[in-house]
Amino acid sequence: MGAGRCAEHLDDGPAAIVCCGFPASGKSTTARFLAELTDAVVLDKDRYADDLEIR
């Protein structure tokens, strides 16, 4: 299902979309695109990786 078609179904209520794939496959771009379409929040694990690391 394309990102645009996926966004059409988000009006049904609370939802979470998980973008996964190979490195440099467009996950972050897709997440930002969907966030713009739906006024959603993007949670990027790379931004929080240091805080999530078990020490």
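Residues numbered from 1 in each chain as written. Predicted model: local features only at pLDDT ≥ 70, side-chain atom pairs only at ≥ 80, totals over all residues. Heavy atoms only, no water.

Some words on a nonpolar patch on the surface
Together, Val41, Leu43, Tyr48 and Leu52 make up an exposed nonpolar region whose accessible area comes to about 480 Å². Note on tyrosine 48: relative accessible area 36%, which makes it partly exposed. (Patch = residues over 30% accessible without salt bridge, like charges linked within 9 Å, V, L, I, M, F, W, Y side chains within 5 Å. Areas by Shrake-Rupley, 256 points an atom, 1.4 Å probe, with all protein chains shown as cover. Salt bridge = Lys/Arg side-chain N within 4 Å of Asp/Glu carboxyl O. Buried < 20%, exposed > 50% of the residue type's maximum accessible area, 1.4 Å probe, protein only.)

Side note on helix H2 (residues 27-38)
Counted at 1.5 Å a residue, the expected span for H2 with its twelve residues is 16 Å, and the 16 Å between its end C-alpha atoms agrees. Every buried residue belonging to H2 is among Ala31, Leu34 and Ala35, and all of these are buried. For H2, the angular spread of the buried residues around the axis is 105 degrees, confining them to a single face. When the buried face of H2 is taken as reference, the exposed residues oriented beyond 90 degrees from it are Thr29 and Glu36. Directly after H2, the chain includes aspartate 39, whose backbone phi takes a positive value near 55 degrees. (Helix = DSSP H or I, 4+ residues; strand = E, 2+ residues; numbered from the N terminus. Expected span 1.5 Å × (residues − 1). Arc of directions from axis to C-beta.)

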